[in-house]
Structures are given as structure tokens and as C-alpha cells.
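Observations on the three-dimensional arrangement
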Amino acid sequence: MSRITGTAALAVTALCLAACAGMTQQEKNTAIGAGVGAIGGSILTGGSTAGTLGGAAVGGVIGHEVDKKK
């Protein structure tokens, strides 16, 4: 079972990296911010859905604004 899980995780990682190939730096920052925010929100709220979604939203906004051209 762990071999199947490892293979699936590797496949998902490869697909995610391929999906980011055509993104601009701002889009990458937004995606990274949303991911980090979702993890942070989940940890801070004990895994609640609202906390995870709220963290993703806040992280995405912050990631979008990072290094934005004026």
C-alpha cells in the first residue's frame, strides 16, 4: 500500500510542477501564498474548513501583492 501511495504522491508532484511552467512570477507567488496560507490556517484552527479556506484566501492576496510592480 505504501508503494502505491508513494507513486501517487510522485505523480501528483510532477503534475503540479508541470502546471506551474507557464505561470508568471505573480501567479506563482499567488499560488504559493494560497498554499502556505491554507496550511497555516488549518494548523491555527485545528483543521477547520473555514480556517483553511480563510488562510488560503489571505495567503493568496498577500502572495499576489508581493513584489508587485508599481
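Up top is the structure these notes are about.
Bear in mind the structure is a predicted one, so any value in this text is a computation, not a measurement. (Residues numbered from 1 in each chain as written. Predicted model: local features only at pLDDT ≥ 70, side-chain atom pairs only at ≥ 80, totals over all residues. Heavy atoms only, no water.)

Attention shifts here to a nonpolar patch on the surface. On the surface, Val58, Ile62 and Val66 cluster together to form a nonpolar patch covering roughly 270 Å² of accessible area. On the secondary structure map, Val66 appears in the segment after helix H3 (49-65). Val66 sits in the partly exposed class, given a relative accessible area of 44%. (Patch = residues over 30% accessible without salt bridge, like charges linked within 9 Å, V, L, I, M, F, W, Y side chains within 5 Å. Areas by Shrake-Rupley, 256 points an atom, 1.4 Å probe, with all protein chains shown as cover. Salt bridge = Lys/Arg side-chain N within 4 Å of Asp/Glu carboxyl O. Helix = DSSP H or I, 4+ residues; strand = E, 2+ residues; numbered from the N terminus. Buried < 20%, exposed > 50% of the residue type's maximum accessible area, 1.4 Å probe, protein only.)

An α-helical turn contains 3.6 residues, so a residue and the one three or four places further along point in the same direction. Along its 20 residues, helix H2 (residues 25-44) runs 28 Å from first to last C-alpha, staying within 8% of the 28 Å computed at 1.5 Å per residue. Looking at the buried positions of H2, the neighbouring elements they touch are H3. Once H2 ends, the next one or two residues include Gly46, with phi positive near 75°. (Expected span 1.5 Å × (residues − 1). Contact = heavy atoms within 4.5 Å.)

Here the focus is the packing of H2 against H3. The interhelical angle for the contact between H2 and H3, taken along N-to-C directions, is 150°, at an axis separation of 6 Å. As judged from the angle between their axes, H2 and H3 are roughly antiparallel. In this structure, the crossing between H2 and H3 has a hand that is right-handed. Contact residues: Gln26, Asn29, Thr30, Gly33, Ala34, Gly37, Ala38, Gly41 and Ser42 in H2; Gly51, Thr52, Gly55, Ala56, Gly59, Gly60, Gly63 and His64 in H3. When the residues that make up the contact of H2 with H3 are grouped by side-chain class, the tally is 3 nonpolar, 14 polar and no charged. (Axes fitted to C-alpha atoms, helices over the stretch in contact; angles between N-to-C directions. Parallel < 35°, antiparallel > 145°, perpendicular 65-115°, else oblique. Left-handed = near helix turned anticlockwise from the far one by under 90°. Nonpolar A, V, L, I, M, F, W, Y, C, P; charged D, E, K, R; others polar.)

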